[in-house]
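Each chain, written out:
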Amino acid sequence: MAVGKCSLENLVERNPAERNLAEGILVEGNPAERKLTEGILIEENPAENKEETMSSLATNNCSANNFSINNRSISNLSIEKLKEFYQGKSVLVTGHTGFKGSWLCRILTLAGAQVTGYALEPPTDPSLFTAAGLEETINSAEGDIRSLEDLLAVFKLARPEIVFHLAAQPIVRDSYKDPLYTYETNVMGTVNVLECVRRTDTVKSFLNVTTDKVYENREWEYGYRECDSLDGYDPYSNSKSCSELVTHSYQKSFFVDRACAISTARAGNVIGGGDFAPDRIIPDCIRAAARKEEIVVRNPYSTRPYQHVLEPLAAYLTIAMEQYKNPSLAGYYNVGPDDCDCVTTGELTSLFCEAWGEGMHWINRSDGGPHEASFLKLDCSRIKKVFG
């Protein structure tokens, strides 16, 4: 895969009419965006077309009041609180065309940030990035994270104060198919981002988003803590372990005496509206339901720290904000659900079938694929203690 050249024409100053942040809400008269906050990707009549409905069992709500799922608050963070900090700040997001990156950019624009994104074109078609109209509301540069030259050009133009690094090859099974690309993207991509941060004196807060899979997984019943060994098994997990180590080295080598706080966030599996990626359980369920087929579950007894997409995003936004104000809060943080909320893939699929109805059911059928961990939990007591 050739390293692509980034497009910089979108990095000009713009004031799109769609960006109306006065009330911190989605724009009036744009039903497509309003439907996105309900976890539904746009169609003229989504009620009649479940194939394009990615509600993922829960309603997403990013309003001026709070982050909530089915009207249940998931954090003490609100758009108004975010606006107090992020309004007017220059924020750069790598991987902004992906699932979490798109949601993060949408929240940041609601909070009044000047957002610049750097990523390849959306990884799926359809995509949340396109459906949300984000290309019209942020400065979007298309480029490969493996190109230091292109990435540095974007940093020089954006002059960011805060950087979120989400760009990655994120699929475990794809990492077995193309380990070289996975390591180039996830390891050297991180090196390139940190090198740009090192060369950009405006950056005060940097967050590298990795994964819960960075740990040496011994299939223990207790959740892994931030002090446990990093040694992912498969090329994806291992490349993210390396990304963590790169971040630790850069922080100790270049940022000890500099006013730039650096953290990593190790988040568990996410679900939510707008996810079209392959080999993710809820999108796989949706695709099977649309075809009126039974759902094939490869590893129904595997335990994962599933969480709604707004939950880790609230954590990312909080870490970046609080370490900007108090650099002593920088560190390495697990981000996941409480132990009692961790479920098996089979249990989650059963919840989906119950919510979807129409006689949906799943079957246990291994496809003979490569190794995937059976049991994984995180101990998230540190992030709760530090940030409440």
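All of these numbers come straight from a predicted model, not from anything done at the bench.

Draft legend 1. Fine view of the overall build of the protein chain. If you tally the helices and strands in the protein chain, you get twelve helices and 16 strands. By residue count, 57% of the 388 residues in the protein chain fall in the buried class. Nonlocal contacts in the protein chain, meaning residues at least 24 apart in sequence, comprise 78% of its contacts between residues at least 6 apart. Within the structure as shown, the protein chain displays about 16,600 Å² of accessible surface, and the carbon and sulfur contribution to it stands at 49%.

Draft legend 2. Seen up close, the pairing of strand β4 (residues 90-94). Where burial is concerned, most of β4 is hidden: five out of the five residues are buried. Of the two faces of β4, the one carrying Ser90, Leu92 and Thr94 and the one carrying Val91 and Val93 are both buried. Both β4 and strand β5 (residues 114-119) contribute to a ladder of five bridges, which runs parallel. Opposite Leu92, over in β5, you have Thr116 as the bridge partner. Pairing geometry for β4 and strand β7 (residues 162-165), over four bridges, is parallel. Looking at β7, one finds that Val93 is bridged to Phe164.

Draft legend 3. Spatial organisation of helix α7 (residues 179-199). Compared with the 30 Å implied by 1.5 Å per residue over 21 residues, the 29 Å span of α7 between its first and last C-alpha is a close match. Considering bend angle alone, the principal kink of α7 is centred on Gly189 and spans about 30°.

Draft legend 4. Focus on the packing of helix α2 (residues 79-86) against helix α10 (residues 310-325). Contact geometry for α2 and α10: axes closest at 11 Å, N-to-C directions at 40°. Considered as vectors, α2 and α10 are oriented oblique to each other. In the packing of α2 onto α10, the handedness of the crossing is left-handed. On the side of α2, the interface is formed by Leu82, Phe85 and Tyr86, while α10 contributes Leu317, Ala320, Met321, Tyr324 and Lys325.

Draft legend 5. Main features of the packing of helix α3 (residues 99-110) against α10. Close contact between α3 and α10 brings their axes to 10 Å; oriented N to C, the two are set at 55°. Here α3 is positioned oblique relative to α10, judged by the angle of their axes. Between α3 and α10 lies a crossing whose hand is right-handed. Residues Lys100, Trp103, Leu104, Ile107 and Leu108 of α3 lie in contact with α10, whose contacting residues are Leu310, Leu313, Tyr316 and Leu317. Looking at side-chain class alone, the contact of α3 with α10 contains eight nonpolar, no polar and one charged residues.

Draft legend 6. Summary view of the nonpolar core. Formed by 50 residues in total, the largest nonpolar core has its most connected members in Tyr86, Val93, Leu108, Phe164 and Leu317. Looking at this core, the element that brings in the most residues is α10, giving nine residues.

Draft legend 7. Fine view of the sheet that holds β5. Spatially, seven strands are ordered β6-β5-β4-β7-β8-β9-β14 in an open sheet, and the strand pairing comes out parallel. Every interior strand has two partners, whereas the edge strands, β6 (139-142) and β14 (332-335), have only one. Going from strand to strand, the sheet's axes swing by 15° on average, the running direction of each strand aside. Sheet analysis places strand β9 (residues 261-267) next to β14, joined by four bridges and oriented parallel. Bridge pairing links Thr264 to Tyr332 in β14. Taken strand by strand, α7 contacts β4, β7, β8 (205-209) and β9, and its axis lies near 175° from that of β7.

Each value, and the rule that gives it
Residues numbered from 1 in each chain as written. Predicted model: local features only at pLDDT ≥ 70, side-chain atom pairs only at ≥ 80, totals over all residues. Heavy atoms only, no water. Helix = DSSP H or I, 4+ residues; strand = E, 2+ residues; numbered from the N terminus. Buried < 20%, exposed > 50% of the residue type's maximum accessible area, 1.4 Å probe, protein only. Contact = heavy atoms within 4.5 Å. Areas by Shrake-Rupley, 256 points an atom, 1.4 Å probe, with all protein chains shown as cover. Pairing = 2+ DSSP bridges. Expected span 1.5 Å × (residues − 1). Bend = angle between axes of the 7 residues up to and from the residue. Axes fitted to C-alpha atoms, helices over the stretch in contact; angles between N-to-C directions. Parallel < 35°, antiparallel > 145°, perpendicular 65-115°, else oblique. Left-handed = near helix turned anticlockwise from the far one by under 90°. Nonpolar A, V, L, I, M, F, W, Y, C, P; charged D, E, K, R; others polar. Core = buried A, V, L, I, M, F, W, Y, C linked by side-chain atoms within 4.5 Å.

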